[in-house]
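Structural overview
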Amino acid sequence: MRPVIRALFPPVAVLALGIAVWLGVEANRHLMALALEEVNALLEGAAALEDPKALAGQGVRPTAHPRVAAPLWGEVQRGVEVRPQGLLAWAVRPWRGEALEAVRTYPLFLPSLPPLLLLALGASLWAHARVKGAIRRALGSPLEEAKARLGALEAAFSALEEGVMVLKGEEVVLLNHRGLSLLGLPLGALTPLPLKRVWPALGGLEGDEALLPLPTGRPARVRLLSVGAYRVAAFQEQAELLRLAEEFTQSRRHLELLRAQAHEFQNLLHVLGGLLELGQVEEALRLIQGELAAEKEVETLLQGIEVPLVAALVLGKLRRAQELGVAFRLEGRLPARYAPVGEELASAVGHLLENALEAAQSEVRLRFLERGEGLRVEVWDDGPGLPEDQEALFLPGASGRGAGRGYGLVLARAQVRALGGEVGYHRREGWTVFWLRLPGR
């Protein structure tokens, strides 16, 4: 309440003082007119008397030296002077060879300030009550509570990882921090802003959802909602959405792989238990030695991959190939100097290997080749092949395996291109070969 009163009282007090000044000026203007009429009446009355000294007590006197020279033809000369002691009204006319003069003094009218200040305070309290009621009706809560709620909403709005833009007509009236960043605007940009200046492509959006280029040139997925008189646009870079979708997909695949491995290990334990229970100790030992040899072979196979993230990925894909009954061959070596880009390399190779495992009929090959221009990674599968249109494969959602698929190749190409490389594919002697190339390090 106090801040509102402090905000309202000064302007209302200034208004009250302005009214006081206006009242004083108007009242003194009317007082001057009345004073002139009174001195003029006194002068006319005195001129009609034989001896005007009878009105000397009213400021009338005959004189040879009036304030101003009396007119020659009997007209009355009059005026009003404003002095510190008040208003001085005078009138002069010729009379019997001399001049007859009437002079009167009147106090200035000064409005009383305390009542006006009390009026200002009352007006401030009344305005405060009206403002408070309007805020309660608009926001459904008192001012302080509404302020706290708006602060919490602003904090939540600013913390969103998705760009959010609120539109009213063709103006952007609200934009969160992430939205400013995605649109290439400075964090200090103040709304409202014209939509044509902020994001011209959004103005021509038809429908509720679309893929539009951002002002920075990167594609973004946009959802447009209507809420009363406003429209709310929620948008995010397509690459970020693809990354999140792929992370979810990879996590789901890893979970499925772990479940399959747990089931396989459980089956192995059951077989060992059965052999031991039947007294087939030598057979059980051969089974254990076979598993150890297989693990040793895998370990030997992975020795050439000196980037830990990629080695872990290949190990997982080996297990996946065993689960699917597909042979997995690994050729070449990956030097440790590619470790700084290990995360991007593991992600891109993981997409290519997963697609190859799903398409392969009997075998998948992974090759690491170092050439003069850098590193080349090839993923081979003996599947049925792909369409001739290469670019169509790298479009979002381009997949024949159902809805929600077809984003792995898009993300792989984006990641490799960000490192200065390229991704492509071709057919060779009944094999489908996907390759990626990275510059040397």
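Rules behind the numbers
Residues numbered from 1 in each chain as written. Predicted model: local features only at pLDDT ≥ 70, side-chain atom pairs only at ≥ 80, totals over all residues. Heavy atoms only, no water. Helix = DSSP H or I, 4+ residues; strand = E, 2+ residues; numbered from the N terminus. Buried < 20%, exposed > 50% of the residue type's maximum accessible area, 1.4 Å probe, protein only. Contact = heavy atoms within 4.5 Å. Areas by Shrake-Rupley, 256 points an atom, 1.4 Å probe, with all protein chains shown as cover. Polar contact = N/O pair within 3.5 Å; in protein donor to acceptor, adjacent residues only side chain to side chain. Salt bridge = Lys/Arg side-chain N within 4 Å of Asp/Glu carboxyl O. Pairing = 2+ DSSP bridges. Axes fitted to C-alpha atoms, helices over the stretch in contact; angles between N-to-C directions. Core = buried A, V, L, I, M, F, W, Y, C linked by side-chain atoms within 4.5 Å.

**Some details on the overall build of the protein chain**
- Tallying secondary structure elements over the protein chain gives 12 helices and 15 strands in all.
- When burial is assessed residue by residue, the protein chain has 35% of its 441 residues classed as buried.
- In the protein chain, once contacts between residues fewer than 6 apart in sequence are set aside, the share between residues at least 24 apart is 53%.
- For the protein chain, the computed accessible surface area is about 25,700 Å², with 59% contributed by carbon and sulfur atoms.

**Looking at the side chain of Asn-28**
- Mapped onto the elements of the fold, Asn-28 is located in helix H1 (residues 2-47).
- Note on Asn-28: relative accessible area 13%, which makes it buried.
- Of the polar contacts made by the side chain of Asn-28, one reaches the backbone oxygen of Gly-24; its length is 2.7 Å.
- Setting aside residues up to four positions removed in sequence, Asn-28 forms contacts with Leu-87, Leu-108 and Phe-109.

**Brief notes about the pattern of salt bridges**
- As enumerated under the stated definition, the model contains 20 salt bridges in all.
- Arg-93 is the salt-bridge partner of Glu-44, the closest N and O atoms lying 3.1 Å from each other. Linking Glu-44 in helix H1 with Arg-93 in strand S3 (residues 86-95), this pair joins segments that are 49 residues apart in sequence.
- Judged by its relative accessible area of 36%, Glu-44 is partly exposed.
- Owing to a relative accessible area of 18%, Arg-93 belongs among the buried residues under this scheme.

**Comments concerning the sheet that holds strand S9 (residues 219-227)**
- Within the open sheet, the six strands sit side by side as S7-S6-S5-S10-S9-S8. Their pairing is antiparallel. A strand with exactly one partner marks an edge of an open sheet, and here the two such strands are strand S7 (193-194) and strand S8 (209-213).
- By the bridge criterion, two bridges tie strand S6 (residues 171-175) to S7 in an arrangement that is antiparallel. By the bridge assignment for S7, Val-172 is matched with Leu-193.

**Remarks on the sheet that holds strand S12 (residues 363-371)**
- If you trace the five strands from one edge of the open sheet to the other, you get S11-S12-S13-S15-S14, paired in mixed fashion. Two strands lie at the open edges of the sheet, namely strand S11 (327-332) and strand S14 (422-428), each paired on one side alone. Ignoring which end each strand starts from, the neighbouring axes of this sheet average 15° apart.
- By the bridge criterion, eight bridges tie S12 to strand S13 (residues 374-381) in an arrangement that is antiparallel.

**Notes on the nonpolar core**
- Counting 38 residues, the largest nonpolar core has Ile-305, Val-310, Val-314, Phe-328, Leu-334, Leu-366 and Leu-436 as the members making the most contacts within it.
- The set of elements that each furnish at least two residues to this core consists of helix H9 (308-324), S11, helix H10 (342-359), S12, S13, helix H12 (408-418), S14 and strand S15 (431-439).
- By residue number, the principal contributor to this core is H10, which donates eight residues.
- Each residue touching Leu-366, except ones within four places of it in the same chain, is listed here: Val-314, Phe-328, Arg-329, Leu-330, Glu-331, Val-349, Leu-353, Val-377, Glu-378 and Val-379.

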